[in-house]
Structure formats: structure tokens, C-alpha cells
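Chains, contacts and geometry: an overview
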Amino acid sequence: MSRTRDKRAPRPEWDAYFMDIARLVATRSTCLRRNVGAVLVRDKRILTTGYNGAPSGLSHCLDAGCLREKLGIPSGERHELCRGLHAEQNAIIQAGLHGVSIRGATLYCTNQPCLICAKMLINAEVGEVVYESGYADPLAHDMLAEAGVVLRRYSPKDETP
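Analysis parameters
Residues numbered from 1 in each chain as written. Predicted model: local features only at pLDDT ≥ 70, side-chain atom pairs only at ≥ 80, totals over all residues. Heavy atoms only, no water. Helix = DSSP H or I, 4+ residues; strand = E, 2+ residues; numbered from the N terminus. Expected span 1.5 Å × (residues − 1). Buried < 20%, exposed > 50% of the residue type's maximum accessible area, 1.4 Å probe, protein only. Contact = heavy atoms within 4.5 Å. Pairing = 2+ DSSP bridges. Axes fitted to C-alpha atoms, helices over the stretch in contact; angles between N-to-C directions. Parallel < 35°, antiparallel > 145°, perpendicular 65-115°, else oblique. Left-handed = near helix turned anticlockwise from the far one by under 90°. Nonpolar A, V, L, I, M, F, W, Y, C, P; charged D, E, K, R; others polar. Core = buried A, V, L, I, M, F, W, Y, C linked by side-chain atoms within 4.5 Å.

Compared with an ideal rise of 1.5 Å per residue, which puts 13 residues at 18 Å, helix α1 (residues 14-26) spans 18 Å between its outermost C-alpha atoms and is within 8% of the ideal. For α1, the complete set of buried residues consists of Asp15, Ala16, Phe18, Met19, Ile21, Ala22, Val25 and Ala26. The elements touched by buried residues of α1 are β1 (37-42), β2 (45-51), β3 (106-111), β4 (128-133) and β5 (150-153).

Most of β1 is tucked away: 5 of the 6 residues are buried. In terms of strand pairing, β1 meets β2 through 6 bridges, oriented antiparallel. Counterpart to Val39 in the pairing with β2 is Thr49. Here β1 hands over to β2 after 2 residues, with Asp43 in that stretch at a positive phi of 55 degrees. Of the strand pairs in this sheet, β1 and β3 are connected by 4 bridges, and their pairing is antiparallel. Among the inter-strand pairings, Ala38 is bridged to a residue of β3, identified as Cys109.

This paragraph deals with the packing of helix α5 (residues 115-123) against helix α6 (residues 138-146). With their axes 8 Å apart at the nearest point, α5 and α6 run at an angle of 15 degrees to one another. Taken together, α5 and α6 sit at an angle that is classed as roughly parallel. Considering how the two elements wind past one another, α5 and α6 form a crossing that is right-handed. Facing Leu115, Ala118, Lys119 and Ile122 of α5, the residues of α6 in contact are Leu139, Ala140, Met143 and Leu144. Tallied by class, the residues present in the contact of α5 with α6 amount to 7 nonpolar, no polar and 1 charged.

This part is about the packing of helix α4 (residues 87-98) against α5. Packed helices, taken two at a time, are described by the angle between their axes plus the distance between the axes. The interhelical angle for the contact between α4 and α5, taken along N-to-C directions, is 25 degrees, at an axis separation of 9 Å. Classed by the angle they form, the pair α4 and α5 counts as roughly parallel. Along this stretch, α4 crosses α5, giving a crossing that reads as left-handed. Of α5, the residues touching α4 (which contributes Glu88, Gln89 and Ile92) are Ile116, Cys117, Met120 and Leu121. The residue makeup of the contact of α4 with α5, split by class, is 5 nonpolar, 1 polar and 1 charged.

Counting 18 residues, the largest nonpolar core has Ala38, Leu40, Ile102, Leu107, Leu121 and Val126 as its most contacted members. At the level of secondary structure, the elements contributing two or more residues to this core comprise β1, α4, β3, α5 and α6. Per-element tally for this core: the top contributor is α4, with 4 residues. Core analysis: the next-biggest nonpolar cluster, separate from the first, contains 11 residues, Met19, Val25, Tyr108 and Tyr154 among them.

Functional significance is not addressed by these values, which are geometric in nature.
What follows is the structure in C-alpha cells.
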């Protein structure tokens, strides 16, 4: 039996597939400023996902409002004043809750991780971070590089048919 493709779109490459899933996960975000999704993958298998939002059982920013917005705090600053967790943090926490090792995994994320998330990813021994949009945090980039974590910006043009 030969395997022929019908008129459906071609199968996506792995990076496109996992980035599409990260974008879908981001739609669950309850942040008023930025919707971010993260997917931790190893051996082409999804380990965990996470999106940015308030801790489980607490009021979402959609309901409680955004203190950082009210105070006029720029993006990337004063993370401690946010009631939400970052998508990367939630993906790491889900791994811990469910006893899933993420050592050597690849993180697909709609945004480049901030410094706090970068440090967590380094200590969790994540091996690669593939992100779609930039984030103004050069120290995070430098620390990931120093730790040997591959940081790669995803672009659909990188795909080969």
C-alpha cells in the first residue's frame, strides 16, 4: 500500500507542530497584558504545558485586574508585583506535580523566557528553548548560553517542506 497525500495541507515539521500547540495553550492565559503558552517536549512527546495566569483556585487577572498595569510598570520589570505565574513556570510546576522529569527536554514557548524563568529552566536541566517572539531580557539570554542551554528563535521560514 503506497502512502499518498490527499489534498490536505502537508504535515507540519516538528518545530511548527509544537509551536502551534504552544500558541493554542496560550489561548488559556488569563493575563491582561500578554498571552504566553509553553510546551515541554522530549523525544517528540509532550511532557507538560503551561500558560500564564494566577495560581490555581485564585482570582484571575481578568477578574481582579492587573496591579502592574495600574502602577504603570513596564513589561519585564517588577515580576514580584504580578499575581500570575509565567507559562514556563507553570509547565515546570506541572512536571513536578505529576512526577515527570524534564531533564534534557525542549521548551517551546511563544515568548523568550525572562530571567526568572531562564534560571528555573537551567536548574531543571532543560536542554533547549525554542521561542517565537523576543523579550527584552539580555541577561536571560546570556545565562542560558552560559549554562549551555540552546536558545533558538523559531521562524516559520526555517521550515523545509
